[in-house]
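Tertiary structure, described
Given next are the chains, with one letter for each unit.
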Amino acid sequence: MIFYFSTSSKEKTKVRKLIKNKFDISEFGDEISSEDFQSLEKMGLLDGANLWVIPEGTKLLKTYEKMNIGDYVLAYVDGMYKYYGKIVYMMKNKKLAEKINTSSLTKISECIFFVDQFKEIKILREQFNKIYHKDDKFIPRGLYNIDDKIENLLREEFQLINPALKTNDIVQDNYLVENLNKVINTLGEDNIENMISQMSDEEFEEFINSFDSTASIQTKEGLKKIRKYNNEIIDNLKKRYNNRCQICGDSTVKDFGVSIVEGHHIEKFSINQNNKPENIMILCPNHHTLIHKCGDSIDLKNKVVKYSNGKEEKIIL
Ligand SMILES: [Zn+2]
Ligand SMILES: [Zn+2]
């Protein structure tokens, strides 16, 4: 899960300092329980770690209880998301929190978390809102977790996390990946896209049951996960493009109240590369069919689609 927290403009300088500083907490040995001390020593966090503290407040504390080691945090300072890291250790220690908080921010709570893989980033509020699908004017306040649904997209978009970790439990299993890619190859591109974005859950269930003999239960489960993951990305992209075709800009939503755009995978669909937003285009059914029948190349950088008869079309969105 990703959490974000924001700071008031009054305190941004202090907060920035606090966030960026590495603390040598070996000198606070007396304040830390021997259990915590040993764990931190083992992790190599004693003589230099980014320690983040949060202010007092019931709401903030409630969110802190939801945070876990392994989660990520984004800090919003000064109109943008500026700092990012992984939570590697957490502890409650009022005395230590107060010592860290030398710049005397507003009342600090006992909650401390240790941040590793600390990165300075730059995600503008507008950019974030575009993906997060909050209102344009949405300004983060307090400490919150980001909706699961958009987490992957956000990670992808800003490469916050090693892309290899995306489908996590799937990509870590080489045997399964190989197997899934075999199944995907035999299914063919059209079937894959259909399976991912158009089939109802029942149809999909029926569909994967139909290749019983070639696929193990594990492979089926893998396909289910991939479908879920890809649907989320495609849904998010559809929202981002307002359900309009990226080539002709058409949308049926205004006139008919329904969206008929589809997700198209630019490069051949396979595990490890299938799930990048930059490999997916949102198209109306006509352009989608056209590209499958006589598309030659898609050049996203120069925003041009070339067809086999030599015709070209611009990608307008
Ligand atoms: Zn179109
Ligand atoms: Zn397609």
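In this report, we go over the structure that sits alongside the text. Predicted model, so just to flag it, every value in this text is computed and none were measured. (Residues numbered from 1 in each chain as written. Chains lettered and ligands numbered in written order. Predicted model: local features only at pLDDT ≥ 70, side-chain atom pairs only at ≥ 80, totals over all residues. Heavy atoms only, no water.)

In this section: the overall build of the protein. Helix and strand content of the protein: 12 helices and 11 strands. Out of the 317 residues belonging to the protein, those deemed buried represent 46%. Long-range contacts, defined here as pairs at least 24 residues apart, represent 65% of the contacts in the protein between residues at least 6 apart. When the accessible surface of the protein is totalled, it reaches about 17,100 Å², and 47% of it is carbon and sulfur. (Helix = DSSP H or I, 4+ residues; strand = E, 2+ residues; numbered from the N terminus. Buried < 20%, exposed > 50% of the residue type's maximum accessible area, 1.4 Å probe, protein only. Contact = heavy atoms within 4.5 Å. Areas by Shrake-Rupley, 256 points an atom, 1.4 Å probe, with all protein chains shown as cover.)

Across the sheet, which stays open at both edges, the three strands sit in the order S9-S10-S11 with antiparallel pairing between neighbours. Bordering the open sheet on either side are strand S9 (295-299) and strand S11 (312-314), each of which pairs with just one other strand. When strand polarity is set aside, the average angle formed by the axes of neighbouring strands in this sheet is 15°. Its contacts with the sheet put helix H12 (residues 285-294) on S9, strand S10 (304-307) and S11, and the angle it makes with S9 is roughly 115°. (Pairing = 2+ DSSP bridges. Axes fitted to C-alpha atoms, helices over the stretch in contact; angles between N-to-C directions.)

A few words on the pattern of salt bridges. Side chains that carry opposite charge are capable of pairing whenever their charged atoms lie near each other. All chains considered together, the criterion is met by 10 salt bridges. The residue Lys-20 makes a salt bridge to Glu-120 at a minimum N-O spacing of 3.4 Å. With Lys-20 in helix H1 (residues 12-20) and Glu-120 in strand S5 (residues 108-124), this pair connects stretches of sequence that are 100 residues apart. On the accessibility criterion, Glu-120 (51% relative accessible area) is exposed. Across the salt bridge formed by Arg-227 and Asp-201, the nearest N and O atoms sit 2.6 Å from each other. Here Asp-201 lies in helix H9 (residues 201-209) and Arg-227 lies in helix H10 (residues 217-240), a separation of 26 residues in the sequence. (Salt bridge = Lys/Arg side-chain N within 4 Å of Asp/Glu carboxyl O.)

Our next topic: unusual backbone geometry. Of note, the phi angle at Asn-242 is positive, near 55°, even though the residue is not glycine. Checked against the element boundaries, Asn-242 lands in the loop between H10 and helix H11 (253-256). For Asn-242, a relative accessible area of 56% gives the class exposed. For Asn-243, which is not glycine, the phi torsion reads 60° and is therefore positive.

With that settled, the discussion passes to the sheet that holds strand S6 (residues 143-145). Strand order in the open sheet formed by six strands is S2-S5-S4-S3-S1-S6, and the pairing between neighbours is mixed. Both outer strands of the open sheet, strand S2 (50-55) and S6, are each paired with one neighbouring strand and no more. Sheet twist, expressed as the mean angle between neighbouring strand axes with direction ignored, is 40°. Pairing analysis gives six bridges linking strand S3 (residues 72-77) to strand S4 (residues 80-92), with the strands arranged antiparallel. Its bridge partner lying in S4, Val-73 is registered against Gly-85. Where H1 meets the sheet, its contacts fall on strand S1 (2-6), S2, S3, S4 and S5, and the angle it forms with S2 comes to roughly 140°.

Our focus in this paragraph is the coordination of the zinc ion (ligand 1). Protein-derived ligands of the zinc ion (ligand 1) are Cys-245 (SG), Cys-248 (SG), Cys-284 (SG) and His-287 (ND1), with the metal-ligand distances lying across 2.0 to 2.3 Å. Here the zinc ion (ligand 1) is ringed by four donor atoms whose angles at the metal span 102 to 114°, and the overall shape comes out tetrahedral. In terms of primary sequence, the donors binding the zinc ion (ligand 1) are separated according to C-x2-C-x35-C-x2-H. Placement of Cys-245 in the loop between H10 and H11 and of Cys-284 in the loop between strand S8 (280-283) and H12 is noted, with a sequence separation of 39 residues between them. Exposure remark for Cys-245: the relative accessible area of 0% places this residue in the buried category. (Donors = N, O, S within 2.8 Å, 3.2 Å for Na, K, Ca; no water. Tetrahedral: all angles 85-135°; square planar, octahedral: opposite > 155°, others 65-115°.)

Here the focus is the pairing of S9. Looking at chain direction, S9 and S10 are connected through four bridges and run antiparallel. Its bridge partner being in S10, Gly-295 is matched across the sheet by Tyr-307. Hairpin connection between S9 and S10: a loop of four residues separates the two successive antiparallel strands, and Lys-303 in this loop has a positive phi of roughly 55°.

A few words now on the coordination of the zinc ion (ligand 2). Protein-derived coordination of the zinc ion (ligand 2) comes from Glu-193 (OE), Glu-193 (OE), His-264 (ND1), His-288 (NE2) and His-292 (NE2), at a distance range of 2.0 to 2.6 Å. All donors of the zinc ion (ligand 2) belong to a single chain; written as a sequence motif, their spacing is E-x70-H-x23-H-x3-H. Placement of His-264 in strand S7 (residues 262-265) and of His-288 in helix H12 is noted, with a sequence separation of 24 residues between them. In this structure His-288 comes out as buried when scored by relative accessible area, which is 5%.

A few words on a nonpolar patch on the surface. Residues Phe-256, Val-258 and Ile-260 make up a contiguous nonpolar surface patch of about 310 Å² in total accessible area. Of note, Val-258 is situated in the loop between H11 and S7. On the accessibility criterion, Val-258 (44% relative accessible area) is partly exposed. (Patch = residues over 30% accessible without salt bridge, like charges linked within 9 Å, V, L, I, M, F, W, Y side chains within 5 Å.)

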